[in-house]
Amino acid sequence: MKFSIVIYAAPYSSEAAHSALRFARSVIDQGHELYRLFFFGDGVHNASQLAVVAQDENNLQQQWNDLIEKHGIDSVICVSSALRRGVLNQTEANRHDLGTASAYTSSEVAGLGQLVDAAIHSDRLVNFG
Amino acid sequence: MKFSIVIYAAPYSSEAAHSALRFARSVIDQGHELYRLFFFGDGVHNASQLAVVAQDENNLQQQWNDLIEKHGIDSVICVSSALRRGVLNQTEANRHDLGTASAYTSSEVAGLGQLVDAAIHSDRLVNFG
Amino acid sequence: MSCLHTISKSPGTQLLESCLKIIASGDAILFIEDGTYYANSARKLEAIDKACKIYGLREDMLARAILTKAADSVELIDTARFVKLCCEHDKIVSWF
Amino acid sequence: MSCLHTISKSPGTQLLESCLKIIASGDAILFIEDGTYYANSARKLEAIDKACKIYGLREDMLARAILTKAADSVELIDTARFVKLCCEHDKIVSWF
Amino acid sequence: MTENSKPQKSRITFISRAAPYGQNKANLCLDMALASAVFEQDVNYIFFGDGVYQILKGQDGSAIESKTLGNALETLELYGIEKIYADRQSLEERDISESELLSGMQIVDSDSITKIIESSDTVFNL
Amino acid sequence: MTENSKPQKSRITFISRAAPYGQNKANLCLDMALASAVFEQDVNYIFFGDGVYQILKGQDGSAIESKTLGNALETLELYGIEKIYADRQSLEERDISESELLSGMQIVDSDSITKIIESSDTVFNL
């Protein structure tokens, strides 16, 4: 089946982002297609590549990035949520003269059309917030 | 009187950070001393200098920065909250080879001792979360 | 040694009910943000009114279109008065 | 056209009560994260049990030390089965 | 939309359960619905629980330096979203009468909401 | 501590009201209390409401790839925090009996909590 997953929660402040990660892994492990990850609202913080986490703790942002890269998952962070929260790709960082990108390149910065598309083309859409 | 304010909430996802900003302005307007701002947990996102906000909307991060700079307020972001959320000063960014700082220089990155100190030395400590 | 309790989430959170369990007579309650929806519940506030002064933050109630619906027992104040209330009480307990 | 409802916040949020207002007979409920604390409320769940299947996420209950306290009406499942449940139902409504 | 998107119509239901201003969930829900309308999906919009506070008349976000969410909701209709519902019991529990509400809402019982959910392909609930 | 800090002892009370794991409020509250103890303040720690779920025995965070909060709480005493309370009514409402709890907690009525708050200089409540 085709799954899409929407993540509304920032990492660390609630369990939701972590639950979504475990769910996403299980979807892939069972051979389903993960059509899209969509990070929305505070969820965009999951795509930050600037996190520095102690060795004995989870680095959720890096775990998302590893999963996305390993399986070539289509991952989108909502542009309007991301900009106001300072989660920027290189293009946006350059445009606003804000130095290096704060977002992992494994996620694309795009609009809500990608969420609507996911709703239309997935068999199951699951929300974590 | 000496006030300190603790902010636990990220900007945009709840009203709390914005309430705290209005409260802080009023404390200063009334001639009280603002002994310290302490940003904790998701509150550290208020110190991000990477936010890009549409012209007709509030840029809370910039408004905090303006207030802090204008009045020379002692402002602290909790180091353990900040690192894992990718809110870094230049020292941390260099140390971990993560490019430019994501935090405004108007806030200091420091430990919880600064919060305890604020609790001891302020007449009133107000929490927003 | 009186205490100002701020309540900032909607009544669905039961924050006021939790606060009432440990509030002292002579303390004050201030509704802010989504906590201001509590200010409409005249019945719920009636019992508190005798022991504790109740305030609501005017700006938050204006935004939400509930200023005119406030119960009589709720005194409407602005942010400047919120700061003054903090001075008038010995400490502030924030419920969120 | 049955529906899987996931509930992920603690009972203080009244999410289950809200869900029950609009749930259809034959739907299923899955408690995850802090929602798993609902799984201990045998009395509260008794009424639902007849119309809707109730599940609890084992990992979350283990972490919280509430696995052995679960009501009989709650079937304990792991994340892999959570994914399967999503396949078995036509859509998922998340309560958070 | 990505290149593999086909002209397809999906019934998407939004249950908006958060009070306005205190959190941004109401805005996120609205943004998703408007995007769905732009891409010509079949949208249902339901105010439920604290969400019914969003449709009180006379809001003025400027009091707290915010955009007025009530105005944004009036745009639902501008975007062609016509199926806008408010849950009767949620209104009653909050002592809100019909005369206090923005126009264009259909007040329904929970049974109707159950049926709307049943007939939907996707449900967003926040 | 900043340079202007004097050797001063303040009574700081923490009311920990959040369930563990689902949110990080329990961790934030604990971190603040430990820091207060390190700087030799007079600390009270109260489990109230959903916070009493934090003191259930037998937690195992590894099931969800997290640190076990129950273990962290046992460090309260290691840091010299001895005044640790749990609200009786909060336990009763959640059907939690004393035998299910970590050791070292004093179970108190809400009246006692009111008095602790009255005697405190600063209260953190989250």
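Preceding this section is the structure that the text describes.
Residues numbered from 1 in each chain as written. Chains lettered and ligands numbered in written order. Predicted model: local features only at pLDDT ≥ 70, side-chain atom pairs only at ≥ 80, totals over all residues. Heavy atoms only, no water.

Caption draft 1: Just the interface of chain A and chain E, in detail. Listed as interface residues are 18 residues of chain A and, on the opposing side, 20 residues of chain E. When the area that chain A buries against chain E is broken down by residue, the three leading residues are A:Val116, A:Ile120 and A:His121, summing to 33%. Summed over the shared surface of chain A and chain E, the result is zero residue pairs in polar contact (both at pLDDT 80 or more). Residue classes in the side of chain A that touches chain E are distributed as ten nonpolar, five polar and three charged. (Contact = heavy atoms within 4.5 Å. Buried area = accessible area lost by both parts, 1.4 Å probe. Polar contact = N/O pair within 3.5 Å; in protein donor to acceptor, adjacent residues only side chain to side chain. Nonpolar A, V, L, I, M, F, W, Y, C, P; charged D, E, K, R; others polar.)

Caption draft 2: Expanded view of the sheet that holds strand β2 (residues 33-39) of chain B. All names here are of chain B. What the five strands build is an open sheet, ordered β4-β3-β2-β1-β5; its pairing is parallel. Every other strand in the sheet has two partners, leaving β4 (108-110) and β5 (124-128) as the edge strands with one partner each. Pairwise comparison of adjacent strand axes, ignoring direction, gives a mean angle of 25° for this sheet. Summarising the sheet, strand β1 (residues 2-7) and β2 pair through six bridges and their orientation is parallel. By the bridge assignment, Val6 is partnered in β2 with Phe38. Helix-sheet contacts for helix α1 (residues 16-29) involve β1, β2 and β5, and the interaxial angle to β1 is about 170°. (Pairing = 2+ DSSP bridges. Helix = DSSP H or I, 4+ residues; strand = E, 2+ residues; numbered from the N terminus. Axes fitted to C-alpha atoms, helices over the stretch in contact; angles between N-to-C directions.)

Caption draft 3: Structural detail: empty space enclosed by the protein. If you walk through the whole model with that rule in mind, you get twelve cavities of 30 Å³ or more. Quantified by volume, the largest cavity comes out at close to 100 Å³. Lining the largest cavity are 14 residues; nearest its centre among them are A:Arg85, A:Gly86, B:Ser48, B:Arg85 and B:Gly86. Of the residues in the lining of the largest cavity, the class split is four nonpolar, eight polar and two charged. (1 Å grid on protein atoms, 1.4 Å probe; cavity = no way out; pocket = protein on both sides within 12 Å on 5 of 7 lines; lining within 4 Å. Points joined across faces, edges and corners; volume = space filled by probe spheres on them.)

Caption draft 4: The sheet that holds strand β2 (residues 42-47) of chain F, seen in detail. All names here are of chain F. Strand order in the open sheet formed by five strands is β4-β3-β2-β1-β5, with parallel pairing between adjacent strands. A single partner strand is all that each edge strand has here, and the edge strands are β4 (106-108) and β5 (122-125). The average angle at which neighbouring strand axes cross in this sheet is 25°, direction not considered. Taken together, the three bridges between strand β3 (residues 83-87) and β4 define a ladder with parallel strand orientation. Bridging from a neighbouring strand, Tyr85 pairs with Gln106 of β4.

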